Amino acid sequence: MSDSDSYEMNEDEEEYDFEYSDDDASNTSDIDSENSYYNAKGSRDDSLSAGIAAFLAVIKTEESGEKTVWGFKSLKQLIKCYYKQEDFKEMVEIYKKLLGYISCSAVTQNISEKGINSILDRLSNEKKNQGLLHSIYNETLAFFSSGATKNERLWFKCSLKLGQLLLDVDDNVRFQKVINTLLDKSQDGSQGTAHMMEIYALQIQMYGKTRDTKKLKDLYAKALSVQNNVPHPRTLGIIHDCGGKTYMQAQQWKEAKDAFFISFKSFDEAGDHSRLRVLRYLLLASMLHSSAINPLDSPEARPYKDAAEIQVMTRLVSAFHGNRIKEFETILKRNEGGVMDDKFIRGYLEELRMSVRKKVAIKIIEGFERVSFGWLSGELCDISEEEVERLLVLQSSKVESPVRSTK
């Protein structure tokens, strides 16, 4: 990580976070602290140690006087500096002081929440030190769980962030403890219902890893039953991705297609990269449903039609709808675009092959009174004659005139 990354990554955000009124700016102590803060930033750019000393001086001045937003900002800068130095012990101590500023009238709830969230997000994304992360989260949750600084909404948000972090590193024991605490709190707190879908989304991700289909089905049903809740689009994406997979397992292709479409749109709205993975699943479900509507023609999916991750599926869909079975099989056999590398897609390839063979078989034998199994086998990419016979038996009700076969 470069110096510019360490210091400037959140500079614009920070200036936005810490807006202040003209009355605040006219206050003498504010002006002094503001000047000291910007002088400290200049010193930091020249020397990390000089910057730390200057920011500490701002904090020391405010210890004996009025606390200002500039002290809060100085603490945020110190957290960045100590993080760069990998002085994590001192960083935690400074973070505790930053939490202390939250009860100060100079720092509004909106400003404090944005400041806390930006620190948690940055540390969570880098995952540089798990011990440090747990210390920071524990301090935060303890601070907002009770007393004058109790804030149920922020406590829930921090707990959900911690749950996602633990899930990402497969710390299942701690993850389950966080989930249990969230569920307990949701029973007696005003914020519980508002976050139930987020809690279910975390559990869905965990049981998705362990492939516990029964739990996933139950959680999907519970999530759909939550009323009067507008969750984050990513949460909706996770929940309906689970729903799509649940319907796929039950071979309810239309319902799976609809669920994957909602999931895709939600991930797309959230800017989450999972949108392309789910779009592939949507195309798979659409083919299995034998829908005449190509999802890639929808306004939401059309921009991704030529995306590298989607191009092979686009060709597969085109071959499927065009009854070009040999092209279809070639794409699968060559594993173009790594289609076969996706375990979920691979699990439904036999159903997909059967679907395209049925379509092609019906097209081929229309108007014939007699066909040779050997000839039809070749037309269907050399499947066995036994498979051809089984296919014709399954499809006999869909053919207008009966077809007699010859061995």
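Structure: above.
Residues numbered from 1 in each chain as written. Predicted model: local features only at pLDDT ≥ 70, side-chain atom pairs only at ≥ 80, totals over all residues. Heavy atoms only, no water.

S.K.: What is the right way to read the overall build of the protein chain from this model?
M.R.: Along the backbone of the protein chain there are 22 helices and 2 strands. Residues counted as buried form 48% of the 407 residues belonging to the protein chain. In the protein chain, of all internal contacts separated by at least 6 residues, the share reaching a separation of at least 24 is 64%. A total of about 20400 Å² of accessible surface is found on the protein chain, and carbon and sulfur atoms cover 47% of it. (Helix = DSSP H or I, 4+ residues; strand = E, 2+ residues; numbered from the N terminus. Buried < 20%, exposed > 50% of the residue type's maximum accessible area, 1.4 Å probe, protein only. Contact = heavy atoms within 4.5 Å. Areas by Shrake-Rupley, 256 points an atom, 1.4 Å probe, with all protein chains shown as cover.)

S.K.: Hey, could you run me through the nonpolar core in this one?
M.R.: What tends to happen in soluble globular proteins is that the nonpolar side chains get buried as a cluster. Residues Y95, M248, F260 and F328 are the most contacted members of the largest nonpolar core, which totals 111 residues. No other element matches the 10 residues that helix α16 (residues 274-288) contributes to this core. Among all residues touching F260, those that are not within four sequence positions of it are H240, D241, G244, K245, M248, V278, Y281, L282, A285 and F344. (Core = buried A, V, L, I, M, F, W, Y, C linked by side-chain atoms within 4.5 Å.)

S.K.: Help me understand the side chain of S298 in this model?
M.R.: The residue S298 is located in the loop between α16 and α17 (308-321) in this model. For S298, the side chain forms a polar contact with the main-chain oxygen of P295, separated by 2.7 Å. (Polar contact = N/O pair within 3.5 Å; in protein donor to acceptor, adjacent residues only side chain to side chain.)

S.K.: In this structure, what is going on with empty space enclosed by the protein? I would like to understand it.
M.R.: Rolled over the atoms, a probe sized like a water molecule indicates the empty space that remains. Enumeration over the complete set of coordinates arrives at 1 cavity of 30 Å³ or more. Of the voids in this model, the largest cavity is the one considered here, and its volume is about 130 Å³. Elements with a contribution of two residues or more to the lining of the largest cavity: α6 (69-85) and α8 (109-126). Class assignment for the residues of the lining of the largest cavity results in 5 nonpolar, 2 polar and 3 charged. (1 Å grid on protein atoms, 1.4 Å probe; cavity = no way out; pocket = protein on both sides within 12 Å on 5 of 7 lines; lining within 4 Å. Points joined across faces, edges and corners; volume = space filled by probe spheres on them. Nonpolar A, V, L, I, M, F, W, Y, C, P; charged D, E, K, R; others polar.)

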